[in-house]
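One-letter residues, chain by chain:
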Amino acid sequence: MKNFEEKIGYTFKNKSYLKTALTHSSYSNENSCENNERYEFLGDSILSLIISEKLFTECNKPEGYMSKLRASIVCEEGLATIAEKIDLAQYILLGAGEERNGGRNRPSIISDAFEALICAVFLDSDFETTKKWLLKLLPESTIGADYSENYGDYKGMLQEKLQRNGDCKITYDTISESGPDHDKRFECAVYVNGKRIASGEGRGKKNAEQEAAKKALQIL
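Residues numbered from 1 in each chain as written. Predicted model: local features only at pLDDT ≥ 70, side-chain atom pairs only at ≥ 80, totals over all residues. Heavy atoms only, no water.

S.K.: Looking at this structure, how should I read the environment of Leu-88?
M.R.: If you trace the backbone, Leu-88 turns up in the loop between α6 (76-84) and α7 (96-100). For Leu-88, a relative accessible area of 0% corresponds to the buried category. For the pair formed by Leu-88 and Ile-110, sequence separation is 22 residues and the distance between their alpha carbons is 7.1 Å. (Helix = DSSP H or I, 4+ residues; strand = E, 2+ residues; numbered from the N terminus. Buried < 20%, exposed > 50% of the residue type's maximum accessible area, 1.4 Å probe, protein only.)

What follows is the structure, given as structure tokens:
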């Protein structure tokens, strides 16, 4: 815990908050202890408020623009990227089965743990302390950069790109779904005029479709 506190730049007065934040449900089921799902719930709201306030203060753009930008920051992929800076994945407590199945590298587990960590810092301190701590972890270019109107909306960007070359039909299809109900994973493919271009995975069909569109953009 001491090593991880040094990485995140925060020392907990109550270490139990940190342990709970790092405890995945698979570990708690095997060891009869509290997991981080409740922390994730509160941490998600705290994160959204901090990012919303930051955008409102520093990004002089319409509501729709700021909503898209916020969504791109707090999405699963965005949080997992931030979590990489503090090596969060290696400190998560996982059950043996989840460990064998590659859970430590799963973006949904990592992003959930990051939201739980935000909650833990909040419970151990206060909102202002949590805000200062969190904003230090965000990339400097995250807020106030010159983003396009479709930033983070890869489906929208794909549609816009292909429409420049004439009419085309873009469709999405769910290839597979797996995992327990609380952590359902989907794989979706994107087709252009009936031809499969790419596929992507995510927690929820919308996230999987966005990931497929993102990969299609990279290919095209």
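S.K.: What am I meant to see in helix α9 (residues 127-137) here?
M.R.: Since one α-helical turn is 3.6 residues long, residues separated by three or four positions face the same way. All buried positions along α9 are accounted for by Thr-130, Lys-131, Trp-133, Leu-134 and Leu-137. Residues of α9 that are buried in the fold lie against α1 (2-8), α4 (37-58), α6 and α8 (107-124). N-cap assignment for α9: the residue whose side-chain oxygen lies 3.3 Å from the backbone N of Glu-128 is Asp-126. (Contact = heavy atoms within 4.5 Å. Polar contact = N/O pair within 3.5 Å; in protein donor to acceptor, adjacent residues only side chain to side chain.)

S.K.: Sorry if this is basic, but what is going on with the pattern of salt bridges here?
M.R.: A side chain with one charge may pair with a side chain of the opposite charge, provided their charged atoms come close. Under the criterion given, the structure shown has 12 salt bridges. A salt bridge links Glu-53 to Lys-131; its shortest N-O distance comes to 3.1 Å. Taken together, the positions of Glu-53 in helix α4 and Lys-131 in helix α9 put the pair 78 residues apart, joining distant regions of the chain. Note that Lys-155 is salt-bridged to Glu-209, the shortest N-O span being 2.7 Å. Highlighted residues: Lys-155 in helix α10 (residues 154-163) and Glu-209 in helix α11 (residues 205-219), separated in sequence by 54 residues. Judged by its relative accessible area of 27%, Lys-155 is partly exposed. The class for Glu-209 is buried, based on a relative accessible area of 17%. If you follow the salt bridges from partner to partner, you end up with Glu-76, Asp-112, Arg-185 and Arg-203 in one network. (Salt bridge = Lys/Arg side-chain N within 4 Å of Asp/Glu carboxyl O.)

S.K.: Honestly, helix α5 (residues 63-74) in this entry has me stumped. Any pointers?
M.R.: In this model, α5 (12 residues) spans 16 Å end to end at C-alpha, consistent with the 16 Å of a helix rising 1.5 Å per residue. The complete set of buried residues in α5 reads Tyr-65, Met-66, Leu-69, Ser-72 and Ile-73. Buried residues of α5, viewed axially, fall in a sector of 125 degrees; they line one side. Of the surrounding elements, those touching the buried residues of α5 are α4 and α6. (Expected span 1.5 Å × (residues − 1). Arc of directions from axis to C-beta.)

S.K.: Looking at this model, I keep getting lost on a nonpolar patch on the surface. Mind explaining?
M.R.: Among the surface-exposed residues, Phe-41, Leu-42 and Leu-123 lie close enough to one another that they form a single nonpolar patch of about 290 Å² accessible area. Inspection of the secondary structure puts Phe-41 in helix α4. Phe-41 sits in the exposed class, given a relative accessible area of 65%. (Patch = residues over 30% accessible without salt bridge, like charges linked within 9 Å, V, L, I, M, F, W, Y side chains within 5 Å. Areas by Shrake-Rupley, 256 points an atom, 1.4 Å probe, with all protein chains shown as cover.)

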